[in-house]
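Spelled out from the first residue to the last, the chains are:
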Amino acid sequence: MSEQDQYKVQDPTTQYPKATSEWKQKQPEPGLQKEMNPVPDAGESSYRGTGRLAGRKAVVTGADSGIGRAAAIAFALEGADVVLSYLPEEEADAKEVVQRIEEAGRKAIAIPGDLKDEKYCEQLIEDAVKELGGIDILANVAGKQQFVEDIADLTTEQFDATFKTNVYSTFWLCKAAIKHMKPGSSIINTSSIQAYTPAPILLDYATTKAAINTFSKALAQQVASKGIRVNVVAPGPVWTPLQVVGGQPTEKLAEFGADVPMGRPGQPAEMAPAYVFLASQESSYVTGETLNANGGVPSP
Ligand code: NAD
Ligand code: MG
């Protein structure tokens, strides 16, 4: 993947490649970014920080790979210390993120675990507060996506796991974090283009993403008077492990992202500035909002 400064002006339609038949690949869930071909760009070399989050204390879920990795790296390069949540099987990816954050001179605290477990969610926030001396940014980026063609084959077990991972963990982590958050703190949840234009094969997943939008709009109003903001990033098709572990049929990966107006998939690095904007004081008057970063698909 090309290495480039995020501020270099260029044609966004050709800034990153289109998918090809080489992109067809399969890994078991949750997958490793380092084993993808091509390896996604999570901003390891391209993100340039300018001190927008100096001294901030962030928790990022799904921080080992994809969009969460890009957000964690960008937060650190902007001056934040970061607690990283991910699954134990993803240690190899997470190690690289820890290393990148430490190279930037910031603290990286790895706390792996299963977000489907309420106790882990509560402990993650408690440990983060202890390790960082507080929490003022929570980016809920972890997510589960498994395509199923027919509702007859969509098991209760999968429906439950998708909701626990995507919706319940967002609820549990927000609930635990808000207790510790001072005015100026920011929560960023992660929805999807799937919230508005659901694919028929992503029934459970798309439904969770609509729930996350609505949850965030309600919570934003509840905590506005405390000076805490709650916003959402809704990515379009982005090249990450999620897509190669059963998020899409393998055959479809050859055209991944071809159907958006820009004609190409996004890279995790292109999502990071949205999380940084919503985390930083620059977005002081923005709450209850969803920032769509999807290559041009019209979205509410
Ligand atoms: P990814 O696979 O890199 O990240 C998902 C992460 O979720 C994993 O790395 C894993 O650490 C975490 N996770 C999953 N189940 C977990 C569990 N039970 N406990 C703890 N952690 C768990 O893929 P990504 O695409 O970067 O996904 C990040 C977010 O972006 C997700 O919420 C996804 O729904 C959203 N999103 C992705 C796309 C896309 O096209 N890639 C589009 C729209 C929205
Ligand atoms: Mg991962």
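In this text the structure is predicted, and so the values were computed from the model without any measurement.

Colleague: So, the sheet that holds strand β4 (residues 137–140): which residues are in play, and what are the values?
Modeller: Judged by pairing direction, the sheet is parallel, and its seven strands sit side by side in the order β3-β2-β1-β4-β5-β6-β7 without closing on themselves. At either end of the open sheet lies a strand with only one pairing partner, and these are β3 (108–110) and β7 (290–293). Strand-to-strand, the axes of this sheet are offset by a mean angle of 15 degrees, without reference to chain direction. Sheet topology note: the β4/strand β5 (residues 186–190) ladder contains four bridges and is parallel. Bridge pairing links A139 to I188 in β5. Lying over the sheet, helix α1 (residues 66–77) contacts β1 (57–61), β2 (81–85), β4, β5 and β6 (229–235), oriented at roughly 165 degrees with respect to β1. The sheet contacts of helix α4 (residues 156–178) involve β1, β4 and β5, and relative to β4 the element is tilted by about 175 degrees.

Colleague: Give me the lowdown on the coordination of the magnesium ion (ligand 2), citing residues and values where you can.
Modeller: Metal coordination angles in their ideal form are 109.5 degrees for the four-donor tetrahedron and 90 or 180 degrees for the six-donor octahedron. Looking at the magnesium ion (ligand 2), the protein donor atoms are D64 (OD), S65 (OG) and E90 (OE), and they sit 2.1 to 2.2 Å from it. Read N to C, the donor residues that coordinate the magnesium ion (ligand 2) are spaced as D-S-x24-E. Taken together, the positions of D64 in the loop between β1 and α1 and E90 in the loop between β2 and α2 (91–103) put the pair 26 residues apart, joining distant regions of the chain. Side by side, D64 and E90 carry an identical accessibility label, which is buried.

Each value, and the rule that gives it
Residues numbered from 1 in each chain as written. Chains lettered and ligands numbered in written order. Predicted model: local features only at pLDDT ≥ 70, side-chain atom pairs only at ≥ 80, totals over all residues. Heavy atoms only, no water. Pairing = 2+ DSSP bridges. Helix = DSSP H or I, 4+ residues; strand = E, 2+ residues; numbered from the N terminus. Axes fitted to C-alpha atoms, helices over the stretch in contact; angles between N-to-C directions. Contact = heavy atoms within 4.5 Å. Donors = N, O, S within 2.8 Å, 3.2 Å for Na, K, Ca; no water. Buried < 20%, exposed > 50% of the residue type's maximum accessible area, 1.4 Å probe, protein only.

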